[in-house]
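Chain by chain, the residues:
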Amino acid sequence: MAKRTNDLGNDPVPQLLLRLAVPAVTAQVVNALYNIVDRMYLGHMKPDGDLAITGVGVAFAIIMFISALSALVGVGGGSRAAIRTGEGRPDQAEEILGNCTLLILLISAVVMAVFLPLQRPMLLMMGADGETIGYAVDYLTIYLCGTVFVQISLALNNFITTQGFSTTSMLTVVIGAVTNIVLDPIFIFGMDMGVQGAALATIIAQAVSAIWVLAFLTGKRTRLKIRLKYLRLKPQIVLPVVSIGVSPFIMQSTESLVNISFNASLLKYGGNTYVGAMTICSSIMQVLSMIFQGMTQGAQPIVGYNYGAGNLDRVRKTFRLLITVGVIYSITGWLLIQLFPHAFVALFNDKPELVEAAVWALRIYLACFFMLGVQFSCQQTFVALGQAKVSLFLALLRKIILLIPLIYILPHIITGDQVFAVYLAEPVADALAATTTGLMFAWKFPRILRRREQELGMA
């Protein structure tokens, strides 16, 4: 079986990347379905489906932040574990796994303690109003109570992927997603639980995924095992993990700030219809971006392992293949969105006013999607190489430095159509960030590999 025979140091790179990336892409897309399927069902709920999807969309800002915390630990830990394994130090890789396991349990407890009592004022600040706040609170309360399942399933699954068990890591998500898809209509419509049913289905699904992950990482097939002796926090282990994980954490958590900024601005200039349209646009963008993340997740263990082992030609070959596939995919996705936006929007709602607004907005919002193949491929390769500082800067650049200020600045420049100006912020930020990332990678990547050659005495 593929999951037993993936040799990160010797298998041909194209076949290896395919075997690792296809399950990773599948897992990422299916993972996105957790919340998107909820919104698809809720959007067709009568008579207030448009308000329900808007309320859940506002709550999604907090949900994205919670998911991002798993990336802080899981992606950073997985990257460090892959490098240590490539260096022939599996005991240190297991120690990283143990530290990360305890850390995500502590993070889960803190998240519940902080967000549960503060959720209503936070949701109102994020763009909810009198019509949508009830839906947002109903969904988020249940979701927060299941935070520990979310953290375990998302964070620790990276340690399955980083060992080359891509099929197993895919099944982690597929099993949970199928559970969610089956339970959603039962709870939402059959038991008339509405948004609370959608949240309950999601949490039960995440719990199933979490049990699957823990069973694997404590079982016989895993090479890296959760061991009781390593369930203790050591600064020398945790700090390097967090320093690498902070880049994907910022990439994901800033989606929360972006969501808040978009919702607040659109509520001000356009009202609930355009907030709902933004929920649909961001849902579509999430699925498309998850495919990028799956491709880079498949490449990450190959890059990290071979960088640690000194097989730098394989690192170069993996990146060239990754960016080629990424660029082709981003151009294809952009064409489909521009030519057939209605087909994407119709999945979420059938109310004519909302559909019309979302179709118009989607073309603007994803106008520069074709450039994101460069952005994701280069930035995530920096993460795989353990380049914490540069990956952190690039993560901050696209969302914090560019996008959020543009959301507030452009409506004061394009005063004739301020809703258009808000949506325009996304493609402007994407174009500037992708260009900067590509140029920086072209400059730094050869120097990183030359420095590694010198460390290993190969130069």
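The structure displayed is predicted, hence computed values, not measured ones.

*Asks:* Got a minute to help me understand the overall build of the protein in this structure?
*Replies:* Scanning the protein from terminus to terminus reveals 16 helices and zero strands. Relative to its length of 459 residues, the protein is compact, with a C-alpha radius of gyration of 21 Å against a globular reference of 23 Å. Considered along the principal axes of its C-alpha atoms, the protein spans approximately 65 × 45 × 40 Å. Put simply, the protein has 459 residues, and 61% of those count as buried.

*Asks:* Quick question: what am I supposed to make of the nonpolar core here?
*Replies:* Buried together is how nonpolar side chains tend to be arranged in soluble globular proteins. With 137 residues, the main nonpolar core has Leu123, Leu156, Leu217, Leu366 and Tyr423 as its most contacted residues. Among the elements that line this core, the one with the most residues is helix 3 (residues 49-86), at 17 residues. In this structure, Leu366 is in contact with Ile284, Met285, Leu288, Trp334, Ile337 and Gln338, ignoring residues within four places of it in sequence. The next biggest cluster of nonpolar side chains, apart from the first, holds five residues, and it includes Ala71, Val75, Val383 and Ala388.

*Asks:* Explain helix 6 (residues 147-161) here, please?
*Replies:* The α-helix advances 3.6 residues per turn, and as a result positions three or four apart in sequence lie on the same side. Relative to the 21 Å expected for 15 residues at 1.5 Å per residue, helix 6 spans 22 Å between its end C-alpha atoms, a close match to the ideal helical length. Of all 15 residues in helix 6, 13 are buried, a share of seventy percent or more.

*Asks:* Looking at this model, I keep getting lost on the pattern of salt bridges. Mind explaining?
*Replies:* A side chain with one charge may pair with a side chain of the opposite charge, provided their charged atoms come close. This model, assessed by the stated rule, comprises eight salt bridges. A salt bridge links Glu453 to Arg316, with the nearest nitrogen and oxygen atoms 3.4 Å apart. Here Arg316 lies in helix 11 (residues 312-339) and Glu453 lies in helix 16 (residues 418-455), a separation of 137 residues in the sequence. We classify Glu453 as buried; its relative accessible area is 19%. One connected set of salt bridges, linked through shared partners, spans Asp313, Arg316 and Glu453.

*Asks:* I tried to follow the packing of helix 9 (residues 235-269) against helix 14 (residues 372-384) on my own but got confused; where do I start?
*Replies:* Between two packed helices, both the angle of their axes relative to each other and the distance between the axes serve to describe the pair. Where helix 9 contacts helix 14, the axes come no closer than 9 Å and their chain directions differ by 150 degrees. Here helix 9 lies roughly antiparallel to helix 14, going by the angle between them. Here helix 9 contributes Ile244, Ser247, Pro248 and Met251 to the contact with helix 14, which in turn contributes Phe376, Gln379, Gln380 and Val383. In terms of residue class, the contact of helix 9 with helix 14 is made up of five nonpolar, three polar and no charged.

*Asks:* Explain empty space enclosed by the protein here, please?
*Replies:* In this approach a probe as big as a water molecule rolls over the atoms, and the regions it shows empty are the leftover space. Tallying each qualifying case throughout the model produces three cavities of 30 Å³ or more. Considering only enclosed or pocket space, the second largest cavity measures out at about 50 Å³ in volume. As for the second largest cavity, its lining consists of Gly74, Val75, Gly78, Ser79, Asn158, Thr161, Thr162, Gln297, Gln300 and Pro301. Put simply, the parts of the chain that give the lining of the second largest cavity at least two residues each are helix 3, helix 6 and helix 10 (272-309).

*Asks:* I'm lost on the layout of surface pockets in this one. Help?
*Replies:* Put simply, the largest pocket is a space of about 230 Å³. For the largest pocket, the lining is made up of 13 residues, of which Leu8, Thr85, Gln163, Arg223 and Tyr305 are closest to its centre. The space that makes up the second largest pocket amounts to roughly 170 Å³. Taken together, Arg80, Ile83, Arg84, Glu87, Ser243, Ile244, Tyr307, Gly308, Leu385, Gly386 and Arg452 make up the full set of residues lining the second largest pocket.

*Asks:* I tried to follow helix 4 (residues 90-125) on my own but got confused; where do I start?
*Replies:* In helix 4, a bend of some 70 degrees at Gln119 exceeds every other bend along the element, and Pro121, a proline, comes one to four places later. At the C-terminal side of helix 4, Gly127 shows a positive phi close to 125 degrees.

*Asks:* Help me understand a nonpolar patch on the surface in this model?
*Replies:* On the surface, a nonpolar cluster with roughly 540 Å² of combined accessible area is contributed by Ile331, Leu335, Leu336, Leu339, Phe340 and Phe370. Looking at the element boundaries, Ile331 is found in helix 11.

*Asks:* When you look at the environment of Arg316 in this model, what are you seeing that I'm missing?
*Replies:* Relative accessible area serves as the criterion here: at 23%, Arg316 is assigned to the partly exposed category. For the pair Arg316 and Pro446, spaced 130 residues apart in the sequence, the C-alpha separation amounts to 9.2 Å. In contact with Arg316, not counting residues within four places along its chain, are Phe445, Leu449 and Glu453.

*Asks:* Whenever I open this one, the packing of helix 10 against helix 14 confuses me. Can you help?
*Replies:* Look at helix 10 against helix 14: their axes get within 9 Å of each other, and the N-to-C directions meet at 35 degrees. Note on packing geometry: the crossing formed by helix 10 with helix 14 is right-handed. Contacts between helix 10 and helix 14 involve Met285, Ser289, Phe292, Gln293, Thr296, Gln300, Val303 and Gly304 on the former and, on the latter, Leu372, Gly373, Phe376, Ser377, Gln380, Val383 and Ala384. Of the residues that constitute the contact of helix 10 with helix 14, the class distribution is seven nonpolar, eight polar and no charged.

*Asks:* Could you clarify how one ought to interpret unusual backbone geometry in this entry?
*Replies:* Even without glycine at this site, Asp192 takes up a positive phi of about 55 degrees. Residue position: Asp192 is located in the loop between helix 7 (166-190) and helix 8 (194-217).

*Asks:* What should I look at first to understand the side chain of Glu94 in this one?
*Replies:* By secondary structure assignment, the location of Glu94 is in helix 4. Setting aside residues up to four positions removed in sequence, Glu94 forms contacts with Arg223, Leu224, Lys225, Arg227 and Tyr230.

*Asks:* Teacher, can you tell me more about the state of the cysteines here?
*Replies:* Tallied over the full model, the rule gives zero disulfides. Between Cys281, a free cysteine, and Cys368, which holds the nearest cysteine sulfur, the sulfur-to-sulfur gap is 15 Å. Taking relative accessible area as the criterion, Cys281 reaches 0% and is therefore assigned buried.

Cut-offs applied
Residues numbered from 1 in each chain as written. Predicted model: local features only at pLDDT ≥ 70, side-chain atom pairs only at ≥ 80, totals over all residues. Heavy atoms only, no water. Helix = DSSP H or I, 4+ residues; strand = E, 2+ residues; numbered from the N terminus. Rg over C-alpha atoms; globule rule 2.2 N^0.38 Å. Buried < 20%, exposed > 50% of the residue type's maximum accessible area, 1.4 Å probe, protein only. Core = buried A, V, L, I, M, F, W, Y, C linked by side-chain atoms within 4.5 Å. Contact = heavy atoms within 4.5 Å. Expected span 1.5 Å × (residues − 1). Salt bridge = Lys/Arg side-chain N within 4 Å of Asp/Glu carboxyl O. Axes fitted to C-alpha atoms, helices over the stretch in contact; angles between N-to-C directions. Parallel < 35°, antiparallel > 145°, perpendicular 65-115°, else oblique. Nonpolar A, V, L, I, M, F, W, Y, C, P; charged D, E, K, R; others polar. 1 Å grid on protein atoms, 1.4 Å probe; cavity = no way out; pocket = protein on both sides within 12 Å on 5 of 7 lines; lining within 4 Å. Points joined across faces, edges and corners; volume = space filled by probe spheres on them. Bend = angle between axes of the 7 residues up to and from the residue. Patch = residues over 30% accessible without salt bridge, like charges linked within 9 Å, V, L, I, M, F, W, Y side chains within 5 Å. Areas by Shrake-Rupley, 256 points an atom, 1.4 Å probe, with all protein chains shown as cover. Left-handed = near helix turned anticlockwise from the far one by under 90°. Disulfide = S-S within 2.5 Å.

Such coordinate-based values are descriptive only and should not be taken to indicate function.
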